[in-house]
Amino acid sequence: MTAIAPDAGQPLKFGRIRPGQILIWTVLLLGGLLMITPILYMFSTSLKTASQVYDLRLIPAAPSFDNYVKVLSDGNFMRWFLNSSFIAITVTLSNLFFDSMVGYTLAKFEFRGRYFIFLAILSTLMIPTEMLVIPWYLMSAQLHWLDSYWGIMFPGMMTAFGTFLMKQFFETVPDDFLEAARIDGLNEFQIWWKVAMPLVAPALSALAIFTFLGNWTAFFWPLIVTTSRELYTLPVGLSSFSDAQDTRWEMIMTGAALATIPTLIVFLVLQRFIVRGVMLAGLKG
Amino acid sequence: MTHGATIGDAAPKGRVWDRFPIRTKRVIWAWAFLALPIIFYGWIRFYPTFQAFWISFTDWDILKPAQFVGFENYDKLIHDPAFWKVFRNTFTYLIIGAPVSLVVAFAVAYYLDRVRFMHGFIRALYFLPFLTTAAALAWVWRWIYQPVPIGLINGFLAQFGIPQQTFLKSTTQALPAIMVTAIWAGLGFQVIIFLAGLRAIPQTFYEAARIDGLGEGAILRKITLPLLKPTTVFLVVFSSIGFLRIFDQVYNMTSNDPGGPLGSTKPIVLMIYQTAFSSFDMGYAAAQTVVLFTILLIVSLLQLWVLRSR
């Protein structure tokens, strides 16, 4: 993150800065700081003791990580954290594999029914999850999937969005590359896996980030399908606390902070990818 | 997965396969790749869709077998005052939330696009809330809206002698309070997409306009906004669908009493959730989901229509 963003719209011109531009810059910065105020206060409160919570200063008088130690040593919370991690990672891997396999097939193979299958998969984007949860619940009850990892994960193992995204990118891969691999004697699976996949690595990373974030923050279906506390995901666990007179705000803020930290790390490490991925997906979709 | 799935068991390995022309082989490969996904989409997406329609015509309540009741659930829905209240709440989220967030996001993107100094940093500030978990940050917002001595806003107001606001416990303030949270959470995404759209407009258009002597306002009206139309339409539809399906923030900001005081914040998805998984009145809940589906379908079709009539 350099002071002068290389990807900003226009080239730098020194000596032509007008007061209006300084005003705009200041307003934008203040607006941005206002946007992250809730996040800053979340971390600030998580570093305070119970008696300091009523002190609304942003910088805690005596910051301490005691709350983190307490929350993480609580068996439930650690379990929810691991549940969420396992589910988000597994679903992401599944999407990377299947969405790109289907996207590749639809982009690079000629066969009857290709367009029909593409439209059929695309049409599922029109169906809201809310409409499917009742049949999914019925199906899960019959197959004993309720209250299990698989029950939480199965609806998201493949997505039409990911398939569409990958198809768009595989279409940019030149056929010559694949033909050369075919002449070298690779079978179609190897061509896809070893030749085509590395060529769409940026798209794969964008898909991975979206899928991970989406599943890490997913709430509606996990709330429905889980009943025992051990199987809660982090968001469902956090929502199971209740807001009472004796609410331990510093503890809840610590839990909220722990749910946010992984996505912040992902963001800070992959900032460029994420912003560009959102732009790509937004423009293509 | 690879070879086994494509060759009949009876054939000696290699023989039959080798006799196929390359074109046929590739078709077989394609269907092998698609086999599992076709089962998935059929079983997890299409079949449940039809099932949802079917359940909406039954009185299924988990305990006794479903019985066909025709349009009874839909009839009940039309005459249910609770549904109309929820309907009104949902459209309040939509009609205020979507325009406000889009105008703010566009203003931020429009000016941020011209800012060079610390561009990436400021962009990150706006984008960060989009990456947070709604269930986690809902707690932070509940804290912000608490009465003195806990809440941030009331603490701030108290310094200026402004009376305490009840926010989430009020029948009139709870819905706007939740809407602010929802707008906050989605704003960063819209800013990024607007920025991408603005950057996709070729600089030559602006240069030509400047040579023609157009002012800033005229350039915005005659060049930026028309060329940005596809981006804008996408975001209008995307955020409209988001507000019509609002749930996480509402459920988590009033979880002692989901739906707020007297159901004043309850959107349609929360009603569906409670009908299906608190009352287990599956038939009735399914009818509500069909109504939601119809509304979302109309919004999506409007998008296609608007983009086509260009």
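Residues numbered from 1 in each chain as written. Chains lettered and ligands numbered in written order. Predicted model: local features only at pLDDT ≥ 70, side-chain atom pairs only at ≥ 80, totals over all residues.

Digging into the overall build of chain B
And step 1. For chain B, the helix and strand inventory stands at 14 helices and 0 strands.
And step 2. Tracing chain B from N to C terminus, the helices and strands come up as α-α-α-α-α-α-α-α-α-α-α-α-α-α.
And step 3. The globule rule puts the C-alpha radius of gyration for 310 residues at 19 Å, and the 26 Å found for chain B is more than 25% above it.
And step 4. Along the three orthogonal principal directions, the C-alpha set of chain B runs to about 85 × 70 × 40 Å.
And step 5. Burial statistics for chain B: of 310 residues in total, 40% are counted as buried. (Helix = DSSP H or I, 4+ residues; strand = E, 2+ residues; numbered from the N terminus. Rg over C-alpha atoms; globule rule 2.2 N^0.38 Å. Buried ≥ 20, exposed ≤ 12 C-beta atoms within 10 Å, placed from the backbone.)

Quick notes on the overall build of chain A
And step 1. The number of helices and strands found in chain A is 14 helices and 0 strands.
And step 2. Listing each helix as α and each strand as β along chain A from the N terminus yields α-α-α-α-α-α-α-α-α-α-α-α-α-α.
And step 3. For a compact globule of 285 residues, the expected C-alpha radius of gyration is about 19 Å, and chain A comes in at 24 Å, more than 25% above that figure.
And step 4. With the principal axes as the frame, chain A shows a C-alpha extent of 70 × 70 × 35 Å.
And step 5. Each of the 285 residues in chain A was classed as buried or not, and the buried ones make up 41%.

A closer look at the interface of chain A and chain B
And step 1. On the chain B side, the residues contacting the 75 residues of chain A number 80 residues.
And step 2. Ranked by residue count, the leading element in the side of chain A that touches chain B is helix 1 (residues 19-46) of chain A, at 13 residues.
And step 3. Tallied by class, the residues present in the side of chain A that touches chain B amount to 59 nonpolar, 13 polar and 3 charged. (Contact = placed C-beta atoms within 7 Å. Nonpolar A, V, L, I, M, F, W, Y, C, P; charged D, E, K, R; others polar.)

Considerations on the nonpolar core
And step 1. If you look at the biggest cluster of nonpolar residues, it comprises 150 residues, and the most contacted ones within it are Ile-134 and Ala-256 of chain A together with Trp-139, Val-140 and Val-191 of chain B.
And step 2. The element contributing the most residues to this core is helix 8 (residues 174-199) of chain B, with 16 residues.
And step 3. The contact partners of Val-140 of chain B, leaving out residues within four places of it in the chain, are Pro-38, Tyr-41, Met-42, Met-253 and Ala-256 of chain A. (Core = buried A, V, L, I, M, F, W, Y, C linked by C-beta atoms within 7 Å.)

Brief notes about the environment of Ile-219 of chain B
Residues and elements named next belong to chain B.
And step 1. Within the fold, Ile-219 resides in helix 10 (residues 216-227).
And step 2. Ile-219 sits in the partly exposed class, given 16 other C-beta atoms within 10 Å.
And step 3. Along the primary structure Ile-219 and Tyr-206 are separated by 13 residues, whereas in three dimensions their C-alpha atoms are 7.3 Å apart.
And step 4. With residues up to four places along the chain from it excluded, the contact list for Ile-219 reads Tyr-206, Ala-209, Leu-214 and Thr-224.

Let's talk about helix 9 (residues 188-199) of chain A
And step 1. With 12 residues, helix 9 of chain A extends 16 Å from end C-alpha to end C-alpha; this agrees with the ideal 16 Å at 1.5 Å per step.
And step 2. Looking only at helix 9 of chain A, the buried set comprises Glu-188, Ile-191, Trp-192, Ala-196 and Met-197 of chain A. Around the axis of helix 9 of chain A, the buried residues are gathered within 150 degrees of arc, so they sit on the same side. Along helix 9 of chain A, the residues that are exposed and aim more than 90 degrees away from the buried face are Lys-194 and Pro-198 of chain A.
And step 3. Packed against the buried residues of helix 9 of chain A are helix 3 (75-108), helix 7 (160-170) and helix 8 (175-183) of chain A together with helix 2 (22-55) of chain B. (Expected span 1.5 Å × (residues − 1). Arc of directions from axis to C-beta.)

Some remarks on the domain arrangement of chain B
And step 1. For chain B, the assigned domains read domain 1 (4-55) and domain 2 (72-308).
And step 2. The gap between the C-alpha centroids of domain 1 of chain B and domain 2 of chain B is 42 Å. (Domains from an automatic or database assignment.)

Side note on the domain arrangement of chain A
And step 1. Assigned domains of chain A: these are domain 1 (19-64) and domain 2 (87-239 + 262-284).
And step 2. The C-alpha centroid of domain 2 of chain A is placed 36 Å from the C-alpha centroid of domain 1 of chain A.

Brief notes about the packing of helix 1 of chain A against helix 6 (residues 134-144) of chain B
And step 1. Running from N to C, helix 1 of chain A and helix 6 of chain B cross one another at 90 degrees; their axes reach a closest spacing of 10 Å. In terms of their interaxial angle, helix 1 of chain A and helix 6 of chain B are classed as roughly perpendicular. Where helix 1 of chain A abuts helix 6 of chain B, its residues Pro-38, Tyr-41 and Met-42 of chain A lie against Leu-137, Val-140, Trp-141 and Ile-144 of chain B.
And step 2. Per-class residue counts for the contact of helix 1 of chain A with helix 6 of chain B are 7 nonpolar, no polar and no charged. (Axes fitted to C-alpha atoms, helices over the stretch in contact; angles between N-to-C directions. Parallel < 35°, antiparallel > 145°, perpendicular 65-115°, else oblique.)

Some points on the packing of helix 5 (residues 129-142) of chain A against helix 2 of chain B
And step 1. It is at 8 Å that the axes of helix 5 of chain A and helix 2 of chain B come closest, and there the two elements cross at 90 degrees. When the axis of helix 5 of chain A is compared with that of helix 2 of chain B, the two are roughly perpendicular. For the pair formed by helix 5 of chain A and helix 2 of chain B, the contact residues are Met-131, Leu-132, Ile-134, Pro-135 and Trp-136 of chain A on the first element and Pro-48, Thr-49, Gln-51, Ala-52 and Ile-55 of chain B on the second.
And step 2. Partitioned by chemical class, the residues of the contact of helix 5 of chain A with helix 2 of chain B number 8 nonpolar, 2 polar and no charged.

Concerning helix 6 of chain B
Given 3.6 residues per helical turn, the α-helix brings residues three or four places apart onto the same face.
And step 1. With 11 of 11 residues buried, helix 6 of chain B is to be regarded as a mostly interior element.
And step 2. Every buried residue belonging to helix 6 of chain B is among Ala-134, Ala-135, Ala-136, Leu-137, Ala-138, Trp-139, Val-140, Trp-141, Arg-142, Trp-143 and Ile-144 of chain B, and all of these are buried.
And step 3. Along its buried surface, helix 6 of chain B packs onto helix 1, helix 12 (234-239) and helix 13 (249-269) of chain A together with helix 7 (152-159), helix 8 and helix 12 (248-253) of chain B.

Focus on the environment of Ser-46 of chain A
Residue and element names in this part refer to chain A.
And step 1. Along the polypeptide, Ser-46 turns up in helix 1.
And step 2. Along the chain, Ser-46 and Phe-220 lie 174 residues apart, while their C-alpha atoms are 26 Å from each other.
And step 3. Excluding residues within four positions of it along the chain, Ser-46 makes contact with Asn-67, Glu-250, Met-253, Thr-254 and Ala-257.

Description of the environment of Gln-249 of chain B
Residues and elements named next belong to chain B.
And step 1. Mapped onto the elements, Gln-249 comes out in helix 12.
And step 2. Its 26 C-beta neighbours within 10 Å are what place Gln-249 among the buried residues.
And step 3. C-alpha separation for the pair Gln-249 and Ala-136, spaced 113 residues apart in sequence, amounts to 9.6 Å.
And step 4. If we skip the residues at most four places from it in the chain, Gln-249 touches Ala-134, Ala-138, Ile-178, Thr-181 and Ala-182.

Focus: the confidence of the model for chain B
And step 1. Residues of chain B with pLDDT of at least 70 account for 94%, and the chain-wide mean is 86.
And step 2. For this predicted complex, the interface score ipTM comes out at 0.86, alongside a pTM of 0.87. (pLDDT = per-residue confidence, 0-100.)

Focus on unusual backbone geometry
And step 1. In this structure, Asp-147 of chain A is a non-glycine residue whose phi angle is positive, near 60 degrees.
And step 2. Mapped onto the secondary structure, Asp-147 of chain A falls in the loop between helix 5 and helix 6 (149-153).
And step 3. Phi at Phe-280 of chain B takes a positive value of approximately 55 degrees, unusual for a residue other than glycine.

With respect to the confidence of the model for chain A
All names here are of chain A.
And step 1. When the pLDDT values of chain A are averaged, the result is 86; 90% of them are 70 or greater.
And step 2. Mean pLDDT in chain A bottoms out at helix 14 (residues 271-284), which sits at 68, and peaks at helix 6, which reaches 96.
And step 3. Per-residue pLDDT stays below 50 along residues 1-9; that stretch engages in 16 contacts with residues further than four places along the chain or on separate chains.

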